[in-house]
Amino acid sequence: MKKVLFSFFFPIFILLTLNLPYSFAQEYTQWELPEGVIARLGKGRIYAMKYSPDGTVFAVATSIGIWLYDTETYQEIALLARNNNGVEKIEFGLEGTILSGKERLNGITLWDYNARKPIKTGLNASSLYTITQFSPDGKIYVHVNYKEIHLYDIVTGKDKHILKGDQNSISSISFSPDGKTLASGSQDQTIYLWDVDTGAHKQTLTGHPESFTRVSFSSDGNTLISVSKDMTIYYWDISTGERKKTLADKGMITDQLEKPETVERVSFSQDNTILATIRFNNTIRLWDTTTGTLIQTFPSQATDKQEKDFSNNIEYVLFSPDNRTVVGLTGGGKIRIWDVVSGKRKSLSEYPGYVWRLSFSPDGRTLATGISGGIIRFWDVSTGEHKKTITNHSMSYYGMYGHNFKPFSPDGKKFVFVTAIGNLYLWDAVTKQEQQLSGINYNAKKLPYNTHALISPDSQTLASWQTHENWNIRLWDTTSGKHKQTPRGHKTRVKTVVFSPDSNMMASWSSEGDTTIRLWDVATGKHKRTLKGHINPIEDVSFSPDGKTLASGGLDGIIRIWNSETGEQKQTFMENSFANNLAAQSAAVTVVTFYSDGVVLASGHKNGSIRLWDLDTGKPIQTLRRHASAVSSIVFSPDGKTVASTSKDATARLWDVGTGEQIHVLTGYERTTWSVYFYPNGLPLATGFEHINSHNYDKNIHLWDLRTGHLIKTLTGHTSLIQYSGFSGNGNTLTSLSNDDTALLWDLTPTINTFDIVE
């Protein structure tokens with residue numbers, strides 16, 4: 001036995017700016033990488049975003065940490081990440097030098113973001129949902145744990161007080177403007193007032209009919225506004241503890257209006273001087289928090305009807321820091337903008353996209369909108385003009401499916417990825433540059449989701465298609481990034497494509513309606529011929545190693561062998577047990593794969609069986625029966641003596657081709673997905689991830705020796721469930737894509753080099 005050293009050639013990919021087809025390399029794909037990861041593609045799913053108090057830093061909380069951007073250059077300046085945890089909430093304090101992040105699993109971390117290091121970790125780690133807030137001077141940080149209020153002194157770095165007194169869980173807190181008093185609203189319908197310096201209980205306010213959703217001090221500190229779940233809104237006199245005004249009684253406003261009006265939602269301005277109430281028809285009313293008088297009304301119903309958007313109710317209202325602008329965000333991801341003084345509706349110069357996050361700069365002049373797919377766009381509030389765009393490249397797993405998909409080019413120099421909004425990108429290993437091949441039109445009402453892509457065997461051409469937007473295929477030059485051809489002719493949606501081994505020909509087929517296979521000339525993009533014969537939808541197509549033969553299979557249960565040059569159907573194969581029932585569900589062919597000699601063909605079926613066929617004689621060689629559900633992939637070993645298969649039954653199996661016996665099986669949970677790669681030394685390496693449901697999933701990737709069934713290694717780094725994992729063309733790199741909206745590229749060479757050559 002002797003060691004084999006596998007050559008490894010894969011770039012440290014560098015993510016670049018969105019607006020240029022070629023951009024200079026950035027380093028952030030290398031920041032805070034998990035062990036064993038070469039690069040991280042994508043910056044994670046966005047949960048929150050906020051400007052620093054001085055406006056110099058823009059912070060974005062994502063599923064992998066907190067990204068910091070310089071607001072002058074819009075470039076990344078840091079990633080604050082800890083223990084592979086995502087952050088769902090961020091707040092600034094202490095003149096912008098301290099940043100808090102509510103981690104998804106491990107409580108709260110306080111960061112000195114100038115020094116890029118945590119100063120306190122694990123705050124309130126026992127609580128999954130928590131309320132947090134900085135004091136007005138930023139020196140005290142408060143976090144709520146059920147019935148307890150914890151005050152942490154940032155200056156001394158010590159716990160200040162733990163306030164106890166509420167009989168039920170606390171739902172809201174608020175500091176007085178001078179920071180000396182803290183109000184807490186509880187689920188038992190009581191409000192407690194606390195002395196921040198001593199921790200003493202000062203007063204209890206009672207009388208609310210329901211538990212609270214919000215308590216907030218007025219700007220002068222003399223009034224406290226409380227809002228309960230039934231939208232009862234009270235104004236309290238802090239000095240006496242008496243209720244001095246009822247703005248809404250069980251969601252009904254009767255004072256200062258011509259007709260009674262219901263309240264659906266409320267929001268406060270950032271300085272707590274204004275309370276906004278929203279009714280079902282999207283009318284927003286602004287009220288003074290000190291006096292309770294009506295300041296302004298924004299009627300929205302007429303405009304919404306003109307835009308045919310009345311059904312999308314306003315879910316959230318955001319005030320600019322100077323209170324000159326109000327933005328309403330609808331449940332449909334659209335925004336409305338009003339000038340507070342004039343009451344007039346304002347607009348943006350372009351369609352902003354599906355907005356789900358908003359943030360104003362401290363001076364109120366810039367509005368940041370986060371849209372689906374991780375794009376953040378910045379707008380000039382006064383003119384409505386688009387100023388800048390930054391992207392966190394949310395990865396899409398829609399383009400990564402099927403046993404034919406391989407994101408790496410065979411020569412290892414290119415990597416293709418698709419973002420969550422359908423943008424298509426290509427990374428070059430030699431130039432270390434990124435190319436955007438296709439992108440969305442932000443003014444379009446419909447975004448091109450579900451983009452799929454495949455690189456040709458010679459690594460020169462990339463094919464892309466969309467499963468819902470149109471029925472065309474686009475071909476791209478992987479060297480220049482330029483669009484080459486658009487093969488047209490499909491009458492229904494394209495399911496997938498495969499290239500011939502010499503990359504001169506491409507086969508494509510549809511997912512519904514059309515039962516034909518179309519062959520294309522890759523150089524010209526012209527249609528060569530159409531293969532007709534299947535009577536039901538086609539599931540898989542495969543070229544022989546010399547490219548002269550094509551095999552196809554589908555729901556009719558018949559494997560058809562074609563001459564790829566003439567289009568002539570040469571042979572048909574079908575298991576005898578299927579002969580009398582072609583319509584049976586079990587007859588469906590799910591996978592067809594050639595062995596390297598071009599003489600043996602393997603077919604996988606929906607009933608879990610695998611058949612090996614001799615193309616010279618047209619007779620079956622072997623039948624492998626153990627899978628309990630549809631076969632999803634079949635891979636031959638280099639010597640052809642063994643074959644590996646995966647199935648929807650959550651197993652990966654290794655078979656002896658000569659005897660048809662199963663050598664070993666890996667069994668996962670019900671929804672485990674497997675991928676297998678054979679190395680030249682005979683090692684079949686299997687990777688799997690367990691996806692049970694949205695609440696019970698595996699964030700890790702497991703590597704197994706399929707010959708023995710032994711777990712080799714567990715790769716840990718994603719913060720959410722895995723959606724895809726697969727090997728590069730040489731097997732030295734593993735790609736994983738997760739619901740955290742990132743793709744991780746793992747170096748497998750240290751693991752592979754520990755195995756011996758099989759002699």
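Residues numbered from 1 in each chain as written. Predicted model: local features only at pLDDT ≥ 70, side-chain atom pairs only at ≥ 80, totals over all residues. Heavy atoms only, no water.

Some remarks on the overall build of the protein
Within the protein one finds two helices and 67 strands. Within the protein, the fraction of its 759 residues that count as buried is 57%. A sequence separation of at least 24 residues applies to 43% of the contacts in the protein between residues at least 6 apart. As presented, the protein carries roughly 30700 Å² of accessible surface, and 47% of it is formed by carbon and sulfur atoms. (Helix = DSSP H or I, 4+ residues; strand = E, 2+ residues; numbered from the N terminus. Buried < 20%, exposed > 50% of the residue type's maximum accessible area, 1.4 Å probe, protein only. Contact = heavy atoms within 4.5 Å. Areas by Shrake-Rupley, 256 points an atom, 1.4 Å probe, with all protein chains shown as cover.)

Details of the environment of Lys202
With respect to the element layout, Lys202 can be found in strand β17 (residues 201-206). On the basis of relative accessibility, which here comes to 47%, the residue Lys202 falls in the partly exposed class. Between the C-alpha atom of Lys202 and that of Thr181, which follows or precedes it by 21 residues, the distance is 8.8 Å. Apart from residues lying up to four places away in sequence, Lys202 is in contact with Thr181, Leu193, Trp194 and Asp195. A polar contact is formed between the side chain of Lys202 and the side chain of Thr181, at a distance of 2.9 Å. (Polar contact = N/O pair within 3.5 Å; in protein donor to acceptor, adjacent residues only side chain to side chain.)

What about the side chain of Asn272?
For Asn272, the location among the structural elements is in the loop between β24 (265-268) and β25 (274-278). Given the relative accessible area of 16%, Asn272 is considered buried. Once you skip the residues sitting within four places of it in the chain, Asn272 turns out to touch Arg214, Ser216, Phe217, Ser218, Ser219 and Thr289.

Description of unusual backbone geometry
Of note in the backbone geometry, Tyr74 takes a positive phi value of approximately 60° without being a glycine. Taking the relative accessible area as the measure of exposure, Tyr74 reaches 14% and is therefore buried. With a phi close to 60°, Arg116 is a non-glycine residue in the positive phi region. Along the chain, the position of Arg116 falls in the loop between β8 (108-112) and β9 (117-123).

Some thoughts on a negative patch on the surface
A surface patch of like charges, here negative, comprises Asp411, Asp458, Asp502 and Glu565. Locating Glu565 in the fold gives a position in the loop between β49 (559-563) and β50 (569-573). On the accessibility criterion, Glu565 (45% relative accessible area) is partly exposed. (Patch = residues over 30% accessible without salt bridge, like charges linked within 9 Å, V, L, I, M, F, W, Y side chains within 5 Å. Salt bridge = Lys/Arg side-chain N within 4 Å of Asp/Glu carboxyl O. Lys, Arg positive; Asp, Glu negative; His and termini not counted. Charge placed at Lys NZ, Arg CZ, Asp CG, Glu CD.)

A look at the sheet that holds strand β43 (residues 494-499)
Strand order in the open sheet formed by four strands is β43-β44-β45-β46, with antiparallel pairing between adjacent strands. Each having just a single partner strand, β43 and β46 (527-531) make up the two edges of the open sheet. When the angles between neighbouring strand axes are averaged without regard to direction, this sheet yields 20°. The sheet contact formed by β43 and strand β44 (residues 505-510) spans five bridges and is antiparallel. (Pairing = 2+ DSSP bridges. Axes fitted to C-alpha atoms, helices over the stretch in contact; angles between N-to-C directions.)

Regarding the pairing of strand β55 (residues 631-636)
Looking at chain direction, β55 and strand β56 (residues 642-647) are connected through five bridges and run antiparallel. Among the inter-strand pairings, Ile634 is bridged to a residue of β56, identified as Ser645. Connecting β55 to the next strand, β56, in antiparallel fashion are five residues, including Gly640 with a positive phi near 75°.

Describing the confidence of the model for the protein
With 87% of its residues at a pLDDT of 70 or more, the protein has an overall mean of 85. Here residues 577-583 is modelled with pLDDT under 50, and outside its nearest four sequence neighbours on either side it reaches 12 contacts, counting other chains as well. (pLDDT = per-residue confidence, 0-100.)

Topic: the sheet that holds β55
Reading across the sheet, the four strands line up as β55-β56-β57-β58 and stay open at both edges, with antiparallel pairing between neighbours. Of all the strands in the sheet, just β55 and β58 (662-667) have a single pairing partner and so form its edges. When the angles between neighbouring strand axes are averaged without regard to direction, this sheet yields 15°.

Quick word on the packing of aromatic side chains
Tallied over the entire structure, the rule returns 14 aromatic pairs. Look at Tyr677 and Phe727: their rings are 5.7 Å apart centre to centre, the planes differ by 35°, and that puts the pair in the tilted class. Taken together, the positions of Tyr677 in strand β59 (residues 673-678) and Phe727 in strand β65 (residues 722-727) put the pair 50 residues apart, joining distant regions of the chain. In this structure an aromatic cluster arises from ring pairing among Tyr51, Phe58, Tyr74 and Phe378. A cation over a ring is seen here: Lys43 above Trp67, with NZ or CZ 5.7 Å from the ring centre. (Phe/Tyr/Trp six-rings, centres within 6.5 Å; stacked < 30°, edge-to-face > 60°. Lys NZ or Arg CZ within 6 Å of the ring centre and 35° of its normal.)

Comments concerning the environment of Tyr724
Within the secondary structure, Tyr724 is located in strand β65. The sequence separation of Tyr724 and Phe689 amounts to 35 residues, and the corresponding C-alpha distance is 8.2 Å.

Some thoughts on the pattern of salt bridges
In the structure shown here, the tally under the stated rule is 14 salt bridges. Asp556 is paired through a salt bridge with Arg560; the nearest N and O atoms lie 3.7 Å apart. Of the residues examined, Arg560 reaches a relative accessible area of 9% and is grouped as buried. Note that Arg707 is salt-bridged to Asp705, the shortest N-O span being 3.1 Å. Residue classification places Asp705 among the buried positions, given a relative accessible area of 6%. Look at the salt bridges and you will find they share partners, linking Glu261, Arg279 and Arg285 into a network.

Observations concerning the nonpolar core
Among the nonpolar cores identified, the biggest contains 17 residues, and Tyr679, Leu685, Leu715, Phe727, Leu734, Trp746 and Leu748 are the most heavily contacted of them. Beyond its immediate stretch of four places on either side in the chain, Phe727 contacts Ser675, Val676, Tyr677, Tyr679, Leu685, Thr687, Thr733, Leu734 and Leu748. (Core = buried A, V, L, I, M, F, W, Y, C linked by side-chain atoms within 4.5 Å.)

Structural notes on the pairing of strand β66 (residues 733-738)
Counting buried positions over the six residues of β66 gives six, a clear majority of the element. Across the two faces of β66 the burial is the same, with Thr733, Thr735 and Leu737 and Leu734, Ser736 and Ser738 all buried. Summarising the sheet, β65 and β66 pair through five bridges and their orientation is antiparallel. Within β66, the residue paired with Tyr724 across the bridge is Leu737. Looking at chain direction, β66 and strand β67 (residues 743-747) are connected through five bridges and run antiparallel. Bridge pairing links Thr735 to Leu745 in β67. Counting the residues between successive antiparallel strands, the hairpin from β66 to β67 contains four residues, one of them, Asp741, with a positive phi of roughly 70°.

Details of the side chain of Thr461
Within the fold, Thr461 resides in strand β40 (residues 461-466). On the basis of relative accessible area, Thr461 is assigned to the buried category, the value being 4%. At a separation of 2.9 Å, a polar atom in the side chain of Thr461 contacts the side chain of Lys484. With sequence-adjacent residues up to four places away left out, Thr461 is seen in contact with Leu454, Ile455, Ser456, Leu475, Trp476, Thr478, Lys484, Phe499 and Val522.

What about the environment of Asp363?
In this fold, Asp363 is placed in the loop between β32 (355-360) and β33 (366-371). In this structure Asp363 comes out as partly exposed when scored by relative accessible area, which is 41%. Residues Asp363 and Gly55, 308 residues apart in the sequence, show an inter-C-alpha distance of 7.8 Å. Looking at Asp363, its side chain comes within polar contact range of the side chain of Ser361, at 2.6 Å. At a separation of 2.9 Å, a polar atom in the side chain of Asp363 contacts the main-chain amide nitrogen of Arg365.

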